[in-house]
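# Survey of secondary and tertiary structure
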Amino acid sequence: QEQLVESGGGSVQAGGSLRLSCATSGYIFSRFCMGWFRQAPGKERDSIAWISAPRGLSTYYSDSVKDRFTISRDNAKNTLYLQMNSLKPEDTAMYYCEAEAACGTGAYKYWGQGTQVTVSS
């Protein structure tokens, strides 16, 4: 199993922005649909975005983040990004990078350790 390594989390005021990064192997990045999910204390996992492999021609966003978050991929760096703008307190959660054999199934084959995002009002 390959490692997925998230970074970029932190604390921000409501209305602010953060950019999360996820580094992985070329094998995973070239073959798997990549995405992000989050989990807040006491709540189920919430899949929020994915992007298809290898060129990222298809993307998906959940209703809660659509028009505020942007997922992208840099194949040269084997790195996935999540640009988060107009952050709200309800976005507070642990954010995880994941890899799926088929986009949108929720059957994550790999995921990382997570990075904490905290949004204060």
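Cut-offs used in this document
Residues numbered from 1 in each chain as written. Predicted model: local features only at pLDDT ≥ 70, side-chain atom pairs only at ≥ 80, totals over all residues. Heavy atoms only, no water. Pairing = 2+ DSSP bridges. Helix = DSSP H or I, 4+ residues; strand = E, 2+ residues; numbered from the N terminus. Axes fitted to C-alpha atoms, helices over the stretch in contact; angles between N-to-C directions. Polar contact = N/O pair within 3.5 Å; in protein donor to acceptor, adjacent residues only side chain to side chain. Contact = heavy atoms within 4.5 Å. Disulfide = S-S within 2.5 Å. Buried < 20%, exposed > 50% of the residue type's maximum accessible area, 1.4 Å probe, protein only.

### Remarks on the sheet that holds strand β3 (residues 18–23)
- Reading across the sheet, the four strands line up as β1-β3-β8-β7 and stay open at both edges, with antiparallel pairing between neighbours. The outermost strands of the open sheet, each flanked by one partner alone, are β1 (5–7) and β7 (69–74). Between one strand axis and the next, the sheet turns by 15° as a mean value, whatever way the strands run.
- Examined bridge by bridge, β7 and strand β8 (residues 79–84) share six bridges and lie antiparallel to one another. Directly across from Ser72, in β8, lies its bridge partner Tyr81.

### Topic: the side chain of Glu100
- Inspection of the secondary structure assignment puts Glu100 in strand β9 (residues 93–100).
- Separated by 3.1 Å, the side chain of Glu100 and the backbone nitrogen of Thr105 make a polar contact.
- Reaching out from Glu100, the side chain makes a polar contact with the backbone nitrogen of Gly106 at a distance of 3.2 Å.
- Contact partners of Glu100, with chain neighbours within four places excluded, come to Phe32, Cys33, Trp50, Thr105, Gly106, Ala107 and Tyr108.

### Quick word on the state of the cysteines
- Per the stated rule, a full pass over the model turns up two disulfides.
- Shown here is the disulfide that connects Cys22 with Cys97, its sulfur atoms set 2.1 Å apart. Between Cys22 and Cys97, the S-S dihedral sits near -70°, and the bridge is therefore left-handed. On the criterion of sequence distance, the pair formed by Cys22 in strand β3 and Cys97 in strand β9 is long-range, its members being 75 residues apart.
- With a relative accessible area of 0%, Cys22 lands in the buried category.
- Note that Cys33 is cross-linked by a disulfide to Cys103, the S-S spacing being 2.2 Å. Judged by the sign of its S-S torsion, about 115°, the bond between Cys33 and Cys103 is right-handed. In this pair, Cys33 is assigned in strand β4 (residues 33–39) and Cys103 in the loop between β9 and β10 (108–111), connecting sequence segments 70 residues apart.
- Classification of Cys33 by relative accessible area gives buried; the value is 3%.
- What makes Cys103 partly exposed here is its relative accessible area of 30%.

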